[in-house]
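Observations on the three-dimensional arrangement
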Amino acid sequence: MHLPVKPTSSTSPNDYVAEHVRSIPRSGIRDFFEIVQSMDGVISLGIGEPDFVTPWHIREAAIYALERGKTGYTSNLGLLRLREAISEYVATNYRITYDAATEVLVTVGVSEALDLALRAVLNPGDEVLYHEPCYVSYSPSITLAHGHAVAISTNEADEFKLRPSALRAAITPRSKVLLLNFPCNPTGTVLTAAEVKEIAAICCEHNLLVITDEIYSELSYGEPHTSIASLPGMRERTIFLHGFSKAFAMTGFRIGYACAPAPLIDAMMRIHQYGILCAPIVSQEAALEALRHGRNDMLDMREQYRLRRNFLVDAFRKMGLPCFEPQGAFYLFAGIKPTGKSSHDFAFGLLKQEQVAVVPGTAFGPSGEGYVRCSYATGMDQLEIAAQRIKRFIG
């Protein structure tokens, strides 16, 4: 007896793709830079990657680890020596104490840490609140974890800060998580200690879990950074995410970490152990060296970023393009409304006519319309040429 063959003539490979994945847009940054990479002579103010090479002593630690034959797996949680160093670093710099054995997880970049955190805590339909403009992966990451992404728009009049009144207005009975990123990509916005305290009070009042992405926290130029996890009542309801890519110029090492109460770290580790197993041991050895001896390198790079920021802010203002002075990270979110162009048209026109790449503000959400993101994680000589070309482009 022969079973009937199911017709396949009308089936497309796309039909096999999960519905929640089909709905996710491609990264506005990555699509744009596929075009950039096909062109010659472009000055890129786009990708958020330090132009500094990872300091030699950090690279040397990785090389030495290979020379000693350190090529195997580590604990799912990561090297205990690294977790102990992370615990000490966080206690010293953020005034939060975590147990290295049970409350620290080493991950493949902060991107994996964020994915683990969301998948570990969200049930289908749970709402995650986040401020926008924001890093491009936040909304898609929430969707992939079967959560419901709720953007809270911020604006330049408020220096793109998350205001307590806007947060309160967005909270519903389905709200479970608040996702924060200060200093912020793409705006460079920071929050004062008093502003963080106001947000913390609302989170306690409404029983919100906070996932705080503090990857740019060392790159704060004014008031010392305050982590929301350090405030009274917040440690037990916060997942603290951090990493090495930005402050220590270690993007290619793909190494990050999460700190949280043991039950949350255990839940994240159970996902991590099946999907990733562990972060690369060579990267972990390099990260350990960065924590132990990388502070001076970080301070030197931060000073260079500060000088570049000052130059770029002044250059844009002299062109008649408004922008507030970012107090953290290494991005300028420049207003281009006076040109009469959309963010898309400005970015693509600038690329085509002057071979300068900036990112359309809409890549970071609808509230980014009227802006472009310019990274000053590139050399001053390149910034000076780029500024001249932008001035020529806007006439």
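Residues numbered from 1 in each chain as written. Predicted model: local features only at pLDDT ≥ 70, side-chain atom pairs only at ≥ 80, totals over all residues. Heavy atoms only, no water.

Description of the overall build of the protein
Regarding its fold elements, the protein presents 13 helices and 12 strands. Taking 2.2 N^0.38 as the reference for a compact globule, 395 residues should give roughly 21 Å; the C-alpha atoms of the protein span a radius of gyration of 22 Å, in line with that estimate. Referenced to the eigenvectors of the C-alpha coordinate spread, the extents of the protein come out at roughly 70 × 65 × 50 Å. Within the span of the protein, comprising 395 residues, buried residues form 53% of the whole. The long-range share in the protein, meaning contacts at least 24 apart out of those at least 6 apart in sequence, stands at 76%. For the protein, the distance from the average site of its 37 positive side-chain charges to the average site of its 42 negative ones is 1 Å. (Helix = DSSP H or I, 4+ residues; strand = E, 2+ residues; numbered from the N terminus. Rg over C-alpha atoms; globule rule 2.2 N^0.38 Å. Buried < 20%, exposed > 50% of the residue type's maximum accessible area, 1.4 Å probe, protein only. Contact = heavy atoms within 4.5 Å. Lys, Arg positive; Asp, Glu negative; His and termini not counted. Charge placed at Lys NZ, Arg CZ, Asp CG, Glu CD.)

Points about a nonpolar patch on the surface
Taken together, V17, V21 and L144 make up a surface patch of nonpolar side chains, about 190 Å² in accessible area. Checked against the element boundaries, V17 lands in the segment before α1 (19–22). Exposure remark for V17: the relative accessible area of 31% places this residue in the partly exposed category. (Patch = residues over 30% accessible without salt bridge, like charges linked within 9 Å, V, L, I, M, F, W, Y side chains within 5 Å. Areas by Shrake-Rupley, 256 points an atom, 1.4 Å probe, with all protein chains shown as cover. Salt bridge = Lys/Arg side-chain N within 4 Å of Asp/Glu carboxyl O.)

Comments concerning the sheet that holds strand β2 (residues 104–107)
Pairing in this open sheet of 7 strands is mixed, and the strands run β2-β8-β7-β6-β5-β3-β4 from one edge to the other. One side of each edge strand has no neighbouring strand; the edge strands of this open sheet are β2 and β4 (148–153). Sheet twist, expressed as the mean angle between neighbouring strand axes with direction ignored, is 20°. Relative to strand β8 (residues 256–259), strand β7 (residues 238–243) is paired through 4 bridges, and the arrangement is antiparallel. Each residue of the ladder has a partner; that of G243, found in β8, is G256. (Pairing = 2+ DSSP bridges. Axes fitted to C-alpha atoms, helices over the stretch in contact; angles between N-to-C directions.)

A look at the domain arrangement of the protein
For the protein, the assigned domains read domain 1 (13–53 + 296–394) and domain 2 (70–294). Here the C-alpha centre of domain 2 lies 24 Å away from the C-alpha centre of domain 1. Each partner contributes to the interface: domain 1 provides 38 residues, whereas domain 2 provides 35 residues. In terms of surface lost to domain 2, no three residues of domain 1 exceed F324, Q327 and F364, which account for 20% of the buried area on that side. (Domains from an automatic or database assignment. Buried area = accessible area lost by both parts, 1.4 Å probe.)

Considering the sheet that holds strand β12 (residues 371–375)
Picture the strands of a sheet paired through backbone hydrogen bonds; they go either parallel or antiparallel. Read from one edge to the other, the open sheet built from 3 strands follows the order β9-β12-β11, with strand pairing classed as antiparallel. Unpaired on one side and paired on the other, β9 (331–335) and β11 (359–360) mark the two borders of the sheet. Judged from the 2 bridges that link them, β11 and β12 form a sheet pairing that is antiparallel. Its bridge partner lying in β12, V359 is registered against R373.

A few points about the packing of helix α4 (residues 80–94) against helix α10 (residues 281–293)
Any two packed helices are characterised by the angle at which their axes cross and by the distance between the axes. Relative orientation of the contacting elements α4 and α10 amounts to 30°, with a least axis distance of 9 Å. The angle between α4 and α10 falls in the class roughly parallel. The two elements α4 and α10 cross, and the hand of that crossing is left-handed. Judged by residue contacts, R81, L82, A85, I86 and Y89 of α4 engage Q284, E285, A287, L288 and L291 from α10. Looking at the contact of α4 with α10, its residues break down into 7 nonpolar, 1 polar and 2 charged. (Parallel < 35°, antiparallel > 145°, perpendicular 65-115°, else oblique. Left-handed = near helix turned anticlockwise from the far one by under 90°. Nonpolar A, V, L, I, M, F, W, Y, C, P; charged D, E, K, R; others polar.)

Let's talk about the pairing of β4
Two faces make up the sheet, and in a regular strand the side chains alternate between them. The pairing of strand β3 (residues 127–132) with β4 spans 6 bridges and is parallel. Within the sheet, the bridge partner assigned to Y130 lies in β4 and is A151. Since β3 and β4 lie parallel, the crossover through helix α6 (residues 138–144) that links them has a hand, and here it is right-handed. (Right-handed = clockwise from strand over helix to strand, strands pointing away.)

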